[in-house]
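Coordinates in review
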Amino acid sequence: MKPCRSKLSFILIALVGFTFLNFFLATSEQAPVHTSNHSSNSTSKAIPRQQIQHFTDLLTDFNEDDHVTKSSNVEETSEVENVPQSIVETKEADPSAWLIDNPNIITWNKISDDVMPDYFDMSRDLLPQFEQHLEETKMIMEARLQRVKEQCVTKSQYLKRAQDFLFVFPGSGMAWCPTFKAGSTNWKQFFCKQYEPEIYYKYQRLGPPRGPYCPLGDLFKYHYAPKSKPELAPAAAAAFKFLTVRHPYQRLISVYTNKFKNCESDMFTDTAMLSIFQIYRAVKLPTSQKAEFLEAARLECHKPVSERIIDPENPYMNPMGATFQEMIQYVVGNFHSRKFPDFHWVPITRGCDMCITEYNLIEKFETMERDHHFLLTTLGQISKYPDIAGAHSNQSGAGMTIEKMIKYFSQLNERLLWDLQAIYKDDMALFGYNPVFRVKKNPYNND
């Protein structure tokens, strides 16, 4: 009898232990883990497995040979090299070496094949050169539209989720889909000056840093929503529809330097910045002291840089503002939440419905002056709007652009690079951008 009791007790203990183990694994899988190192085998916040699978599914048809030109100096290999545990800038070691030399990452030497042609002399006035090469520019523009049509056929299952934020301006013959961090401020000011001059000149009088400026919200009466604004339908149907695109990684760098770095813009201080500090900046302090330090950092963020008093003991002021890695973690987390992303980093293919709306022209930020000129020449309005067509500033060289991207993206790890290429792969495919840093094997499978 005693052996039977012992056996029954053993079975009961085993069942209880198995149940507890399952519960522990289920809860620990989604528990946030805070870390600040760069290891590809660690992440700053644990991601539920179904969300990792979602990102992996998005990459299943991502073949660089379909829509990018690989740099000739890239060497194919099946080996995987982990990101170093720490990346420290020293005289002896290049902090970006892990990214450039990593056999699991393919790199490109330019962001796109569709750049300013060599026959443009960047040291001279560009306007006469634009006039001289209108036919070549027209062929480039037609190729951009054709590429979108082809990609919409092959990738339609991923592009159905887009929302179209089209703004229609009756009388101008133009309809525009804004893309934040891709020259949208220029077009906002342009349309604001033409259609809402009182608002435009109100901000003009304010002076820096607010003027000249025109918030997109002040133009929302021109946002075309077929159900709520049917009166705009005739103008929308007849309008010349266009948008400006930009390499998604350049957009992210622009968001960081303009909005997050050093807290120089207070746009996100009370929302995203505080969330970044709380979630991604690990601080071992009592809750009350954390709250006190957070509030102090928030107040200093709102002050001009020259007037700030930095507390060396406050971890939320050292550094002041988010690091690039912290911002990218926040952006990726925004997509993991399945909420509609902020307009500053939403993929263009999510905000402008490229596969339903028939656009007439796609400008590129990288060739903005030429593309502005071509757009207004096509509409016969170049003499009417010389202020937006006559910019003659030189384009920055592709080499410098790649160097800057390497500087920032070498601060990330393979998992963040993998997530970013999943998030922005449709933008790269439709608009002919090279991914620049292509992670070949899923780093989440290294666990």
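Inspection of every chain in the model, using the stated rule, returns three disulfides. Disulfide pairing is shown between Cys177 and Cys352; the S-S distance is 2.0 Å. In this structure the cystine formed by Cys177 and Cys352 twists about its S-S bond by roughly -95 degrees; its chirality is therefore left-handed. Placement of the pair is Cys177 in strand 3 (residues 174-177) and Cys352 in the loop between helix 15 (348-351) and strand 5 (361-364), with a sequence separation of 175 residues. Note that Cys263 is cross-linked by a disulfide to Cys301, the S-S spacing being 2.0 Å. In this structure the cystine formed by Cys263 and Cys301 twists about its S-S bond by roughly 45 degrees; its chirality is therefore right-handed. Residue Cys263 is located in the loop between helix 11 (248-260) and helix 12 (269-280), and its partner Cys301 is located in helix 13 (residues 287-301); the two are separated by 38 residues in the primary sequence.

Moving on, we get to the nonpolar core. Grouped together as the largest cluster of nonpolar side chains are 71 residues, with contacts concentrated most on Leu252, Phe260, Phe409 and Tyr424. With 23 residues, the next largest nonpolar core counts Met141, Trp176, Phe180 and Leu219 among its residues.

A full pass over the atoms with the stated rule returns eight salt bridges. The partner of Arg298 in a salt bridge is Glu295, with the nearest N and O atoms 2.8 Å apart. In this pair, Arg298 and Glu295 both sit in helix 13, three residues apart, roughly one turn of the helix. Exposure remark for Glu295: the relative accessible area of 36% places this residue in the partly exposed category. One salt bridge connects Glu300 with Lys303, and the closest N-O pair in it is separated by 2.9 Å. Take Glu300: its relative accessible area is 9%, and that puts it in the buried class. The class for Lys303 is partly exposed, based on a relative accessible area of 31%. Three or more residues joined by partner-sharing salt bridges are found here, namely Arg144, Arg370 and Asp371.

With that settled, consider the confidence of the model for the protein. Predicted confidence across the protein gives a mean pLDDT of 74, with 68% of residues reaching 70 or more. Taken together, the stretch residues 15-92 has pLDDT below 50 and engages in 132 contacts with residues farther than four places along the chain or on a different chain. Here residues 389-400 is modelled with pLDDT under 50, and outside its nearest four sequence neighbours on either side it reaches 19 contacts, counting other chains as well.

How each quantity is defined
Residues numbered from 1 in each chain as written. Predicted model: local features only at pLDDT ≥ 70, side-chain atom pairs only at ≥ 80, totals over all residues. Heavy atoms only, no water. Disulfide = S-S within 2.5 Å. Helix = DSSP H or I, 4+ residues; strand = E, 2+ residues; numbered from the N terminus. Core = buried A, V, L, I, M, F, W, Y, C linked by side-chain atoms within 4.5 Å. Buried < 20%, exposed > 50% of the residue type's maximum accessible area, 1.4 Å probe, protein only. Salt bridge = Lys/Arg side-chain N within 4 Å of Asp/Glu carboxyl O. pLDDT = per-residue confidence, 0-100. Contact = heavy atoms within 4.5 Å.

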